[in-house]
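Residues per chain are reported as follows:
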Amino acid sequence: MFGVENTSTYTQLFSAPTGFKLARAIGLTYSLDLETLFASLMGMAQVEHADEEDGPAVASSLLPVILDLAGRVTVICQRGKMRRGRGGTHQLHKILDQIVLEATPPRDGSFHPKVWLLKFEGQDSSDRFFRLIVSSRNLAASQSFFESAVSLEGKWSGKVRGKNSDLVRFLESATKGVPDGAKLLKELGGVEFAPVKNGASMKFFYQMGNKHSLARHLKAHEVENVVVVSPFLSAGFLKKFLDHEVQLTVVSTFNALEMLPPDVSAACKCFAIVDRHRDGEENSGPRAEGLHAKIIVAERKGKTEVWLGSANATHRGWEGVNVEAMVVLGLPGYSLRQFKSELIFENPKKQKTHPWIYKVNPTMFTAKRRGELQLESKISFEMGSLVSWIAAGTWNVDLEGKDAVIRYQPPKDQARPVLSTVTLESVGVGLLNHEAYSEFKASIDHGGEVRVVGSDIGSFTQLLSIRIRFVAREGTKGREVVFLIKATTSFTDWQRRDQVLLKSLLGDSDGFRRCLRFLVDYYMPEL
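Small disclaimer: the values here were computed from a predicted structure and weren't measured. (Residues numbered from 1 in each chain as written. Predicted model: local features only at pLDDT ≥ 70, side-chain atom pairs only at ≥ 80, totals over all residues. Heavy atoms only, no water.)

Looking at the pattern of salt bridges
Two side chains bearing opposite charge may form a pair once their charged atoms approach each other closely.
Item 1. Using the criterion set out here, one finds 23 salt bridges in the structure.
Item 2. Across the pair Arg 369 and Glu 372 runs a salt bridge, and its minimum N-O distance is 3.6 Å. Taken together, the positions of Arg 369 and Glu 372, both in helix H12 (residues 367-391) and three residues apart, correspond to about one turn of that helix.
Item 3. Looking at Arg 369, the relative accessible area reads 30%, which means it is partly exposed.
Item 4. Connected through salt bridges with shared partners, the residues Glu 400, Asp 403, Arg 407, Glu 449 and Arg 451 form a single ionic network. (Salt bridge = Lys/Arg side-chain N within 4 Å of Asp/Glu carboxyl O. Helix = DSSP H or I, 4+ residues; strand = E, 2+ residues; numbered from the N terminus. Buried < 20%, exposed > 50% of the residue type's maximum accessible area, 1.4 Å probe, protein only.)

What follows is the structure, encoded as structure tokens:
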């Protein structure tokens, strides 16, 4: 597991092995921010990330890398779950619209996997190396102490042998329409992934937002002892174990534990990851929400298995509602006791916990606080439902002279969500990097268009920035949600757009020299 203090650990997972270069990469994520995507691309190219304050001279040297990777990297995220990122948006980020695709979530569910498949090639193109990453981490800035991931590596055998069939079927379904996707997945059938340790086994399970659920593979009735680690919980999922008198330990956030029904929390051993804000610890860094890892460690028939991946311990995560991906590891010699000592107990005999975790007693919970949390959850749900409804509409953007014209039509097959705890105040839209938002006002229910004046070809992008403002009831303050949408367009002159962008970045002779130096070092390192 890794956390907010070591973000570079995540981007290092994308680095090529010695003697290899990235040939193709496909990533699946629920949410995405452009800063983290940019950092990940730098990890793939094995160059340092340029911050916005580094100026156009350094940014210009990175442009060839982004252009080069744009044809080899595809990232798919849930529509409406793309953000600018914490560090603002650099001019260079406009070009990322060629890398990102959006997935329409299943009805009443989410497109929630966090999976990467990377292919690397040596000097001989027949020398192919593959890496599979299955994690809890979205391609977005993580503010959690704990994330979880497994990285598996293997070489292509030279023949298509029908290996990794469940993984191939999942990626075929999740990546429809991705350029060269079928070719990459065909090769995946001939890859033998090395075990994470000698004698270890690996199985890949998934659900696609239909009747086929992950829960059928879990077989809770066979489990004797289990630790569930998840930031989100539902009583129905935990009862799968409690109904069979399984010894159940739950590690989550205090808020998630407090929202459980009293009879469920009383039947479990509950532990909460320390939240720097809620538990009164001083924090000068980014807000740490404690936990985002999704892990189940189960003992059955004398063996221990570890589930890692994207599924929270909820009904939606395990009963077929969401699109999810999980890896199950069989680890010889590894025990539930060992996992507890690593995550929970500093001294198992004395039941002394590690500094980052504490035991939660149901007497800590109050009915008043539970009611407040339930109301906040309902507010978040209604806001999320309306954002998803707006994101599901048809968005188009085209360049007309020096103006960008943005047109919107609401979804035809979905009724607008009913709001009882929040009121929609306004919806604004603008191009990525455009500071001003043009208001849609009441036309969000009927469709319409707005014109962004002064958008020349160098600032044109398919990425639209949407700002939705709400007024929440019960005396709470106004809320604001800002996200990016990839619009369709009839604009096709992307090469000219990129040239204009490059010219604007090469605004001085020093930047030009840096760009040439980078091109020589990156593409001809032997010189």
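Continuing now.
Remarks on the side chain of Thr 175
Item 1. Among the secondary structure elements, Thr 175 is positioned in the loop between helix H4 (165-174) and helix H5 (181-188).
Item 2. With relative accessibility at 5%, the residue Thr 175 sits in the buried group.

Topic: unusual backbone geometry
Item 1. Even without glycine at this site, Asp 180 takes up a positive phi of about 65°.
Item 2. Residue position: Asp 180 is located in the loop between H4 and H5.
Item 3. Its identity as a non-glycine residue notwithstanding, Glu 245 has a phi of 55°, on the positive side.
Item 4. Its relative accessible area of 73% is what places Glu 245 among the exposed residues.

A few points about the confidence of the model for the chain
Item 1. Averaged over every residue, the pLDDT of the chain is 84; the share at 70 or more is 86%.
Item 2. Of the regions scoring below 50 in pLDDT, residues 50-57 engages in 13 contacts with residues more than four places distant in sequence or in other chains.
Item 3. Note that pLDDT drops below 50 for residues 280-288; the model gives that stretch 17 contacts with residues more than four away or on any other chain. (pLDDT = per-residue confidence, 0-100. Contact = heavy atoms within 4.5 Å.)

Things to note about the sheet that holds strand S20 (residues 394-400)
Strand pairing in a sheet takes place through backbone hydrogen bonds and is either antiparallel or parallel in direction.
Item 1. Spatially, three strands are ordered S20-S21-S24 in an open sheet, and the strand pairing comes out antiparallel. Edge strands, defined here as strands with exactly one partner in the open sheet, are S20 and strand S24 (448-453). Here the strands of the sheet are splayed against their neighbours by 20° on average, with no regard to which way each runs.
Item 2. Note that strand S21 (residues 403-409) and S24 share six bridges and pair antiparallel. Of the residues in S24, the one forming a bridge with Asp 403 is Val 453. (Pairing = 2+ DSSP bridges. Axes fitted to C-alpha atoms, helices over the stretch in contact; angles between N-to-C directions.)

Points about the side chain of His 354
Item 1. Tracing the backbone shows His 354 in the loop between strand S18 (352-353) and strand S19 (357-360).
Item 2. Each residue touching His 354, except ones within four places of it in the same chain, is listed here: Ser 341, Glu 342, Leu 343, Ile 344, Phe 345 and Glu 346.

Let's talk about the environment of Ile 485
Item 1. Along the chain, Ile 485 falls in strand S26 (residues 478-486).
Item 2. In contact with Ile 485, not counting residues within four places along its chain, are Arg 79, Gly 80, Glu 102, Ala 391, Trp 395, Gln 462, Leu 463, Leu 464 and Ile 466.

Side note on the packing of aromatic side chains
Item 1. Tallying each qualifying case throughout the model produces 17 aromatic pairs.
Item 2. Judged by centre distance (5.4 Å) and plane angle (45°), the rings of Phe 170 and Tyr 206 are tilted. Here Phe 170, found in helix H4, pairs with Tyr 206, found in strand S10 (residues 201-208); they are 36 residues apart in sequence, far enough to count as distant.
Item 3. Where Trp 395 meets Tyr 408, the ring centres are 4.4 Å apart and the plane angle is 45°; that geometry is what we call tilted. One end of the pair, Trp 395, is in strand S20; the other, Tyr 408, is in strand S21, and 13 residues separate them in sequence. (Phe/Tyr/Trp six-rings, centres within 6.5 Å; stacked < 30°, edge-to-face > 60°.)

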